[in-house]
Amino acid sequence: QVQLVESGGGLVQAGGSLRLSCAASGRTASNYAMGWFRQAPGKEREAVATISWSSGSTYYADSVKGRFTISRSNAKNTVYLQMNSLKPEDTAVYYCAAGGRRLGVVGDYDYWGQGTQVTVSS
């Protein structure tokens, strides 16, 4: 069992920044990926940014490239999502996930956090 503890998120105006954190505990899954997904009202859940724990390889959705950065802390077993230049269309529930095989494939992730609301006002 892998437990994910999320922090960050909230309400921000367009152009602002937020930093999300997700700490993993329980069974180790260092051969797999962790990252962030989001689901906006009326839309399917999509991969936002993920990272391979072993190699550091990353995936970014086209819509966030150049604005969002995913990073990891090996010592803290934590991944971060730095979100800059936020847009109203970034408004969604953001989920931390772990145990991924393919970086950008939602269905490949085995463990999920509860999600945190990110709202970007226009």
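Anything mentioned here points back to the structure above.
Residues numbered from 1 in each chain as written. Predicted model: local features only at pLDDT ≥ 70, side-chain atom pairs only at ≥ 80, totals over all residues. Heavy atoms only, no water.

Caption draft 1: Highlighting the pattern of salt bridges. Following the criterion strictly, the structure yields six salt bridges and no others. Across the pair D90 and R38 runs a salt bridge, and its minimum N-O distance is 3.0 Å. Within this pair, whereas D90 is found in the loop between β8 (78-83) and β9 (92-100), its partner R38 is found in strand β4 (residues 33-39), the two being separated by 52 residues in sequence. In this structure, D90 and R38 share a single accessibility class: buried. Between D108 and R102 there is a salt bridge whose closest N-O contact spans 2.7 Å. Under the relative-accessibility criterion, D108 is labelled buried at 14%. According to the relative accessible area criterion, R102 is exposed, its value standing at 52%. (Salt bridge = Lys/Arg side-chain N within 4 Å of Asp/Glu carboxyl O. Helix = DSSP H or I, 4+ residues; strand = E, 2+ residues; numbered from the N terminus. Buried < 20%, exposed > 50% of the residue type's maximum accessible area, 1.4 Å probe, protein only.)

Caption draft 2: Geometry of the pairing of strand β1 (residues 2-7). Residues of β1 alternate between two faces, with V2, L4 and E6 buried on one and Q3, V5 and S7 left unburied on the opposite face. Where β1 meets strand β3 (residues 18-26), six bridges bridge the pair, whose relative direction is antiparallel. The residue of β3 that forms the bridge with E6 is C22. (Pairing = 2+ DSSP bridges.)

Caption draft 3: Just the side chain of R67, in detail. On the secondary structure map, R67 appears in the loop between β6 (58-60) and β7 (68-73). Exposure remark for R67: the relative accessible area of 10% places this residue in the buried category. A polar contact is formed between the side chain of R67 and the backbone oxygen of S63, at a distance of 2.9 Å. Among the polar contacts listed, one links the side chain of R67 to the backbone oxygen of S85, at a separation of 3.0 Å. (Polar contact = N/O pair within 3.5 Å; in protein donor to acceptor, adjacent residues only side chain to side chain.)

Caption draft 4: Layout of unusual backbone geometry. Even without glycine at this site, N77 takes up a positive phi of about 50 degrees. Structurally, N77 is set in the loop between β7 and β8. One non-glycine residue, S85, lies in positive phi territory at about 50 degrees. Mapped onto the elements, S85 comes out in the loop between β8 and β9.

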